[in-house]
Amino acid sequence: MQNVCVWHTILGMWKILEHRRVSRKVSKLPVEILKRYEKWKDIVQVSGPQGLRLIKGFHDESLRGEWQGHRSSRLGQQYRVIYEILQEEVVVKVVDLTAHDYRRK
């Protein structure tokens, strides 16, 4: 996988990969959204995507259409994190952080 940053994890936990474009967007996020994203990552690393489904505030859901195979979690009224689960590797790949615009670019 090229253009991906790897967050180091402890053995037995989920690994989170971020696309390069996500790394660039993180620095431009509002502080409250950045804090929520960091919390999202903490939950995923420990509990995996199943942990997100237990917290209603994230409103974690599968996507359809062009984004089929991906999931989305709310980081606020406007912002979403779009990710896919690579189960064979116990990996969550963050594809985009978006202001609720699911169109592929």
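Residues numbered from 1 in each chain as written. Predicted model: local features only at pLDDT ≥ 70, side-chain atom pairs only at ≥ 80, totals over all residues. Heavy atoms only, no water.

Asker: Would you explain the packing of aromatic side chains in this entry?
Answerer: The geometry of an aromatic ring pair is captured by the separation of the ring centres together with the interplanar angle, meaning the angle of the planes. Under the counting rule described, the total for this entry stands at two aromatic pairs. Judged by centre distance (6.0 Å) and plane angle (15°), the ring pair of Tyr37 and Trp40 falls under stacked. Of this pair, Tyr37 and Trp40 both sit in helix α2 (residues 31-47), three residues apart, roughly one helical turn. One aromatic cluster is present, built from ring pairs that chain together Tyr37, Trp40 and Tyr83. Sitting over the ring of Phe58, Arg36 keeps its end group 4.4 Å from the ring centre. (Phe/Tyr/Trp six-rings, centres within 6.5 Å; stacked < 30°, edge-to-face > 60°. Helix = DSSP H or I, 4+ residues; strand = E, 2+ residues; numbered from the N terminus. Lys NZ or Arg CZ within 6 Å of the ring centre and 35° of its normal.)

Asker: I tried to follow the pairing of strand β4 (residues 71-74) on my own but got confused; where do I start?
Answerer: On a regular strand, one side chain projects to one face of the sheet and the next to the other, so that they alternate. Judged from the two bridges that link them, strand β3 (residues 61-62) and β4 form a sheet pairing that is antiparallel. From the neighbouring strand, Glu61 faces β4, where its bridge partner is Ser72. Note: β4 against strand β5 (residues 80-86), four bridges, orientation antiparallel. Bridged to Arg74 within β5 is Arg80. Linking two consecutive strands that pair antiparallel, namely β4 and β5, is a turn of five residues. (Pairing = 2+ DSSP bridges.)

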